[in-house]
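# Notes for the structure review
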Amino acid sequence: NAGVTQTPKFRVLKTGQSMTLLCAQDMNHEYMYWYRQDPGMGLRLIHYSVGEGTTAKGEVPDGYNVSRLKKQNFLLGLESAAPSQTSVYFCASSDYHSGQGGYTFGSGTRLTVV
Amino acid sequence: GNSVTQMEGPVTLSEEAFLTINCTYTATGYPSLFWYVQYPGEGLQLLLKATKADDKGSNKGFEATYRKETTSFHLEKGSVQVSDSAVYFCALRLSGAGSYQLTFGKGTKLSVIP
C-alpha cells in the first residue's frame, strides 16, 4: 500500500531552470494538494485540485503551475526557478467532503535553487 | 479568516515527563481539528482528530479534547519517550461542501532527552 509517492526526493536547480515534481496516489482520492514547508512558516498551500482536470490556487501560487490530467497524479511545475523557491515540497491527498477526514502526505521533495 | 496558533518551540523534555502543546484556533464555521506529527526527514502523519465539541481524540498515548468554549485543542501525553521527538502541527478543516483545505499552525518542535 504505497499511499502518496513523490518524486524526486532531492533536487538542486540553478536559477532560471525548470522542473516538474510528480505526486502519485493509489487511494482513489478526489482531492490533492501541494504545500511548501519553510522554517518558522509551517505549511503553506500552493495549489490544489478537487478532481481530475481541475486545479485552483492556494495561498502562495506565484511561480508555480500544476496539472491534474489523471485522477491519481498531481504535477507541480516550476517554469523559472528562483532561490526563494528553495523549500521542502509536500503533496497530500484526501477523500472526504464533509471535513472529517484527514490528509495523507507524501514524504517530501527537498529542492534547492542556487 | 481561519487560523491556528500553536505555542512556539522548541520544547525540550526529559523522558517520562508530561507534555502539553497548546493550540487555539479561529474559524468562521464549525471545524474539525487535527494533530499531525512529522518525524525527522519524513512527511506529516495524522496523529489524532476530533470532529465536534467535547470529542477527545487519542492515539499512541497522546490525547486532545475539542473545547469549543475556549476554541482550543491542546495536545497532551502523560509520559513522553525519546521516540516522540518530532514536530507537531495543529490543524483545522471546516465542515461542509467545498471544505477541503487544512489550515495548519506553524508547528512545535519537541525534543525528548534520555
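Here we summarise the structure given alongside this text. All chains use their own residue numbering, which begins from 1 and follows the written sequence. Just so you know, chain letters begin at A and ligand numbers begin at 1, following the order they were written in. Only residues with pLDDT of 70 or above have their local features reported here, since the model is predicted, and side-chain atom pairs are shown and tallied only from 80 upward, although totals for entire chains, interfaces and linings are computed over all residues. Excluded from the side-chain calculations are hydrogens and water; all other atoms, namely the structure's heavy atoms, are used.

This part covers the state of the cysteines. The rule for a disulfide is simple: a pair of cysteine sulfur atoms within 2.5 Å. This structure, assessed with the given rule, holds 2 disulfides over all chains. Disulfide partner of Cys23 of chain A: Cys91 of chain A, at an S-S distance of 1.9 Å. Taking the sign of the S-S torsion, about -75° here, the bridge from Cys23 of chain A to Cys91 of chain A comes out left-handed. Highlighted residues: Cys23 of chain A in strand S3 (residues 19–25) and Cys91 of chain A in strand S9 (residues 87–94), separated in sequence by 68 residues. The buried label applies to any residue whose accessible area, calculated with a 1.4 Å probe on protein chains only, is under 20% of its type's maximum; exposed applies above 50%, and partly exposed to all values in between. With a relative accessible area of 0%, Cys91 of chain A lands in the buried category. Between the sulfur atoms of Cys23 of chain B and its disulfide partner Cys90 of chain B the distance amounts to 2.0 Å. The sign of the -70° torsion about the S-S bond sets the Cys23 of chain B-Cys90 of chain B disulfide as left-handed. One end of the pair, Cys23 of chain B, is in strand S4 (residues 23–26); the other, Cys90 of chain B, is in strand S10 (residues 86–94), and 67 residues separate them in sequence. With a relative accessible area of 1%, Cys23 of chain B lands in the buried category. Secondary structure elements follow DSSP: runs of H or I of four or more residues count as helices, runs of E of two or more count as strands, with numbering from the N terminus.

A separate point is the pattern of salt bridges. Any two side chains of opposite charge can pair, given that their charged atoms come close. A pair is scored as a salt bridge if a Lys or Arg side-chain nitrogen falls within 4 Å of a carboxyl oxygen belonging to Asp or Glu. Counted under the stated rule, the structure contains 7 salt bridges over all chains. Salt-bridge contacts for Asp38 of chain A lead to Arg44 of chain A; the nearest nitrogen and oxygen are separated by 2.8 Å. The residues Asp38 of chain A and Arg44 of chain A share a single accessibility class, namely buried. Between Asp54 of chain B and Arg67 of chain B there is a salt bridge, and its shortest N-O distance comes to 4.0 Å. Taken together, the positions of Asp54 of chain B in the loop between strand S6 (44–50) and strand S7 (56–59) and Arg67 of chain B in the loop between strand S8 (62–65) and strand S9 (75–77) put the pair 13 residues apart, joining distant regions of the chain. A single salt-bridge network, built from bridges that share partners, covers Arg36, Asp38 and Arg44 of chain A.

The subject of this paragraph is the sheet that holds strand S1 (residues 4–7) of chain A. Residue and element names in this part refer to chain A. Only strands that DSSP links by at least two bridges are regarded as paired with each other. If you trace the 4 strands from one edge of the open sheet to the other, you get S1-S3-S8-S7, paired in antiparallel fashion. Whereas interior strands pair on both sides, the edge strands pair on one side only; in this sheet they are S1 and strand S7 (65–67). The sheet shows a mean angle of 20° between the axes of neighbouring strands, taken without regard to direction. Interaxial angles span 0 to 180 degrees and are taken between N-to-C directions of axes, which are lines fitted to C-alpha atoms, for helices over the stretch in contact.

All names here are of chain A. Along the polypeptide, Thr109 turns up in strand S11 (residues 109–113). The term polar contact refers here to a pair of N or O atoms within 3.5 Å; inside protein, the definition further demands a hydrogen-donor-capable atom paired with an acceptor-capable atom, and it admits residues adjacent in sequence only when both atoms are side-chain atoms. Among the polar contacts listed, one links the side chain of Thr109 to the side chain of Gln6, at a separation of 3.5 Å. Within the local environment of Thr109, its side chain forms a polar contact with the backbone oxygen of Pro8, the two atoms lying 2.6 Å apart. We call two residues in contact whenever any of their non-hydrogen atoms come within 4.5 Å of each other. Those residues in contact with Thr109, other than ones at most four positions away along the chain, are Gln6, Thr7, Pro8, Lys9, Leu21, Ser87, Val88 and Tyr89.

Here Gln38 of chain B is to be found in strand S5 (residues 31–38). Residue Gln38 of chain B is classed as buried on the basis of its relative accessible area of 9%. Within the structure, Gln38 of chain B has its side chain in polar contact with the side chain of Gln37 of chain A (distance 2.9 Å). Within polar-contact distance, the side chain of Gln38 of chain B engages the backbone oxygen of Glu42 of chain B at 3.0 Å. Apart from residues no more than four positions distant in its own chain, Gln38 of chain B is found in contact with Gln37 and Phe90 of chain A together with Gly43, Leu44, Ala86, Val87 and Phe89 of chain B.

With that settled, the discussion passes to the packing of aromatic side chains. For this analysis, a ring pair means two rings from Phe, Tyr or Trp (six-membered ring only for Trp) whose centres lie within 6.5 Å, classed as stacked if their planes differ by under 30 degrees, edge-to-face if by over 60, and tilted for the remaining angles. Counted by the stated rule, this structure contains 16 aromatic pairs over all chains. For the pair Phe105 of chain A and Tyr36 of chain B, a centre-to-centre distance of 5.7 Å together with 80° between the ring planes defines the contact as edge-to-face. Here Phe105 of chain A is found in strand S10 (residues 104–105), whereas its partner Tyr36 of chain B is found in strand S5 on a different chain. The same class applies to Phe105 of chain A and to Tyr36 of chain B, which are both buried. With a centroid separation of 6.3 Å and 40° between ring planes, the pair formed by Phe34 of chain B and Tyr36 of chain B is classed as tilted. Pair check on accessibility: Phe34 of chain B and Tyr36 of chain B agree, each one buried. Three or more aromatic residues link up through ring pairs in this structure, and these residues are Tyr33, Tyr35, Phe90, Tyr103 and Phe105 of chain A together with Phe34, Tyr36, Phe89 and Phe104 of chain B.

The next point concerns the sheet that holds strand S3 (residues 19–21) of chain B. Residues and elements named next belong to chain B. As summarised here, the arrangement of the 4 strands in space is S3-S9-S8-S7, forming an open sheet in which the pairing is antiparallel. Since the sheet does not close on itself, it has two edges, and those belong to S3 and S7, each with one partner. Across the sheet, the axes of successive neighbouring strands diverge by a mean angle of 15°, strand direction being ignored. Of the pairings in the sheet, the one linking S3 to S9 comprises 3 bridges and is antiparallel in character. Pairing of Ile21 across the sheet is with Leu75, part of S9.

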